[in-house]
There are 2 protein chains.
Amino acid sequence: MSAKHDNLLEEIQNRLENLNKSERKVAEAILRDPSAATRYSIAALARTADVSEPTVNRFCRGFSASGFPDFKIRLAQSIATGTPYVGQNIKPDDSVEEFADKVMLTTMANLDKARQALNPKDLATAIDYLIQAKQINFFGMGGSAPVALDAQHKFFRFNIPVMHYDDALMQRMVAAGSSTGDVIVIISYTGRTKEMIEIAQDALANDATVIGITTPGSPLAEVCTVVLGVTAAEDTEVYMPMSSRIIHLAVIDILATGVTLKRGEGFRNHLKKIKDSLKATRLPPASS
Amino acid sequence: MSAKHDNLLEEIQNRLENLNKSERKVAEAILRDPSAATRYSIAALARTADVSEPTVNRFCRGFSASGFPDFKIRLAQSIATGTPYVGQNIKPDDSVEEFADKVMLTTMANLDKARQALNPKDLATAIDYLIQAKQINFFGMGGSAPVALDAQHKFFRFNIPVMHYDDALMQRMVAAGSSTGDVIVIISYTGRTKEMIEIAQDALANDATVIGITTPGSPLAEVCTVVLGVTAAEDTEVYMPMSSRIIHLAVIDILATGVTLKRGEGFRNHLKKIKDSLKATRLPPASS
DNA sequence: CCCACATGTAGTAACTTTACCCAAATGTAG
DNA sequence: CTACATTTGGGTAAAGTTACTACATGTGGG
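It should be emphasised that the depicted structure is a prediction, and the values quoted were computed from it without experimental measurement.

**Thoughts on the protein's contact with DNA strand D**
Not every one of the 17 residues close to DNA strand D is listed here, only the nearest: Ile42, Asn57 and Arg61 of chain A together with Ser22 and Thr55 of chain B. A share of 69% is what sugar and phosphate atoms reach among the atoms of DNA strand D within 4 Å of the protein. At 2.4 Å, a backbone N or O of isoleucine 42 of chain A approaches a phosphate oxygen of DNA strand D. At a separation of 2.6 Å, a phosphate oxygen of DNA strand D approaches a polar side-chain atom of serine 22 of chain B. Considering every element that reaches the surface near DNA strand D, the biggest residue donor is helix α5 (residues 53–62) of chain A, with four residues. For the surface near DNA strand D, the residue count by class is six nonpolar, seven polar and four charged.

**With respect to empty space enclosed by the protein**
With the rule as written, the count across this model stands at two cavities of 30 Å³ or more. By volume, the largest cavity amounts to about 60 Å³. Lining the largest cavity are Pro146, Val147, Asp150, Arg245 and Leu249 of chain A together with Pro146, Val147, Asp150, Arg245 and Leu249 of chain B.

**What about the sheet that holds strand β5 (residues 226–229) of chain A?**
Residues and elements named next belong to chain A. In space, the five strands of this open sheet follow the order β2-β1-β3-β4-β5, with parallel pairing throughout. Of all strands in the sheet, those with a lone pairing partner are β2 (162–165) and β5, marking the two edges. Each adjacent strand pair in this sheet contributes to an overall mean axis angle of 15 degrees, direction not counted. Seen against the sheet, helix α11 (residues 194–205) touches β1 (135–140), β3 (182–187) and β4 (209–214) and runs at an angle of roughly 165 degrees to β3. Packing of helix α13 (residues 243–263) onto the sheet brings it into contact with β1, β3, β4 and β5, and relative to β4 it is tilted by some 140 degrees.

**Digging into the protein's contact with DNA strand C**
Around DNA strand C sit 18 residues, and of these Asn20 and Ser22 of chain A together with Ile42, Asn57 and Arg61 of chain B come closest. Here a phosphate oxygen of DNA strand C and a side-chain polar atom of threonine 55 of chain A are 3.0 Å apart. Contact between DNA strand C and arginine 58 of chain A: a base nitrogen at 3.3 Å from a side-chain N or O atom of the residue. Of all the secondary-structure elements, those providing two or more residues to the surface near DNA strand C are α2 (21–32) and α5 of chain A together with α4 (42–49), α5 (53–62) and α6 (68–80) of chain B. Here the element with the most residues in the surface near DNA strand C is α5 of chain B; it accounts for four residues. For the surface near DNA strand C, the residue count by class is seven nonpolar, seven polar and four charged.

**Let's talk about the sheet that holds strand β3 (residues 182–187) of chain B**
Across a sheet, paired strands are connected by hydrogen bonds in the backbone, their directions being either parallel or antiparallel. All names here are of chain B. Strand order in the open sheet made by the five strands is β2-β1-β3-β4-β5, with parallel pairing throughout. Bordering the open sheet on either side are β2 (162–165) and β5 (226–229), each of which pairs with just one other strand. Strand-to-strand twist across the sheet, computed as the mean angle between neighbouring axes with direction ignored, equals 15 degrees. Sheet strands in contact with helix α8 (residues 120–132) are β1 (135–140), β3, β4 (209–214) and β5, and its direction is about 125 degrees off that of β5. Sheet strands touched by helix α11 (residues 194–205): β1, β3 and β4. Its angle to β3, the strand with the most contacts, is close to 165 degrees.

**Some remarks on helix α8 (residues 120–132) of chain A**
All names here are of chain A. Here α8 spans 18 Å end to end across 13 residues, near enough to the 18 Å set by a 1.5 Å rise per residue. Residues of α8 that are buried: Leu123, Ala126, Ile127 and Leu130. One side of α8 carries all its buried residues, which in axial view fall inside an arc of 100 degrees. Across from the buried face of α8, at angles greater than 90 degrees, the exposed residues are Lys121 and Gln132. Its side-chain oxygen at 2.8 Å from the backbone nitrogen of lysine 121, asparagine 119 defines the N-terminal cap of α8.

**Notes on the packing of α8 of chain A against helix α7 (residues 96–117) of chain B**
Look at α8 of chain A against α7 of chain B: their axes get within 9 Å of each other, and the N-to-C directions meet at 95 degrees. In terms of axis orientation, α8 of chain A runs roughly perpendicular to α7 of chain B. Contacts from Pro120, Leu123, Ala124 and Ile127 of chain A of α8 of chain A reach α7 of chain B at Val96, Glu97, Phe99 and Ala100 of chain B. Of the residues that constitute the contact of α8 of chain A with α7 of chain B, the class distribution is seven nonpolar, no polar and one charged.

**Focus: the pairing of β2 of chain B**
One face of the sheet, then the other: side chains in a regular strand alternate in exactly this way. All names here are of chain B. One ladder, built from four bridges, connects β1 with β2; its direction is parallel. By the bridge assignment for β2, phenylalanine 138 is matched with histidine 164. The parallel pair β1 and β2, bridged by helix α9 (residues 145–156), forms a crossover whose chirality is right-handed.

Criteria and thresholds
Residues numbered from 1 in each chain as written. Chains lettered and ligands numbered in written order. Predicted model: local features only at pLDDT ≥ 70, side-chain atom pairs only at ≥ 80, totals over all residues. Heavy atoms only, no water. Near = heavy atom within 4 Å. Polar contact = N/O pair within 3.5 Å; in protein donor to acceptor, adjacent residues only side chain to side chain. Helix = DSSP H or I, 4+ residues; strand = E, 2+ residues; numbered from the N terminus. Nonpolar A, V, L, I, M, F, W, Y, C, P; charged D, E, K, R; others polar. 1 Å grid on protein atoms, 1.4 Å probe; cavity = no way out; pocket = protein on both sides within 12 Å on 5 of 7 lines; lining within 4 Å. Points joined across faces, edges and corners; volume = space filled by probe spheres on them. Pairing = 2+ DSSP bridges. Axes fitted to C-alpha atoms, helices over the stretch in contact; angles between N-to-C directions. Contact = heavy atoms within 4.5 Å. Expected span 1.5 Å × (residues − 1). Buried < 20%, exposed > 50% of the residue type's maximum accessible area, 1.4 Å probe, protein only. Arc of directions from axis to C-beta. Parallel < 35°, antiparallel > 145°, perpendicular 65-115°, else oblique. Right-handed = clockwise from strand over helix to strand, strands pointing away.

Right under this line is the structure:
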């Protein structure tokens, strides 16, 4: 089952510095046009990189492949995963098509990292808490406010009392007034916003459950009951964080899906009824 | 460039019925363990399928590969794309790990569809309108409200007057009060909410620009100045729409990126200053 | 100046493909 | 309905590629 992403291309990139002259030539030839490399024979690649065939072969073995053909297959898989763009940062002179592609592919790559990083056990624990919750509150400030709002929308359909707050004062009040059985989900990219940490501690002091969707290892993560964490490196300093919110949304989707599934068949009908109640406000589907 | 998903495995599955006896034996052998097939030599695969080597070769050519090695590479890519999950819907008895993976992979697949479907020219047009805007308003109701809120957060940093509205009454008032140079971005998954269409028409009547992030071909799309459209099929009827909002967010990311880039270097410093102003509210990065 | 490492040459082994042939099935004419 | 022709499916074996191994040669560091 396990998908174990080799990310061969990334590995080649990383080890580029540690390779000797000829092998670096091979690496560069491959990175120059990875998908072409999958079509080359060992002789063709050797010629392109201007080295001998055994050098290519040694290079392949260096990346723990049994030989050139095996290496080519791993490379092909690595490409299919969308890896070629990963890490390629957006440059000021990119065309619209180029940076649009980069934004999309970077987002996809980050989602994939998140997929691999997320711990199913923690997810399951979080879902269990949410199902048993008397009341759910989503807290997110600044850039995470939309995520909290979205979460409220999704969980609203489960007929558990649910709210979101994007304002520290209200969050503090809710945390102070919480008790056993209340679940507070705190969404924060950095996990280093002082107030959020204090709020989490307040809630915990009142025996509420605190689920953190934040960076693992951050001060906020330290205090949460459960942490659903992802480290998506991005150029936070200058541009705005982009992928992180999308990952957070995806985590919310997973939690919502989990709650739906665990509630069983009867409950899925309830969801359908809510959907149906919205139909009246819409025009009929395109007829032509 | 073009990523053209072959989905070779799917194609083999589909054509299984139309193959003659021996070639079907080959197909079945491959489907039985696709990833093993990528490691086999033609002789090994022939033995496993209990046919001769040329038969395997003919089979490969039948799937428009130049030969067996080429076929193996396409097969490898097909496996790596995560194909097994794409389209596989979530089932009530999935484990947490399974459905979490499916949610993520479905989202990724939809983002990729969006990436290919988005028209760079329309994006460029939208970005131009946004740069020249006197005022930008994001409208989104229900599930699209969080997207509108997120957009406001992102565009707030550009020091253009920007607001979001999630309430039809306010939206109508803003549309009625708009004029040339105002840009209204309407976010709607279905593009069939009656009120939104009327609101769009009001805004257009006042010479405002209306950018629609919605389903192409929908009634709303018909009336917009520019449409940034994506058709992400999902199980809207029972579960809630998930991927669509994430795609919409990604589109917002692209627009924001475009505006940032087009504004040039000086402006990116301005963004950095805003970032810096937030530092004071945070704990320092992990020190250990 | 020598040793060790890096790299290339040439030959061999493995793998793939082509050319050819046989067998079975289907079609056709007597 | 039989007998011959034609097409289709599929295997054998040899030719052609491709990849690997063993060895030779060069080159930089001690």
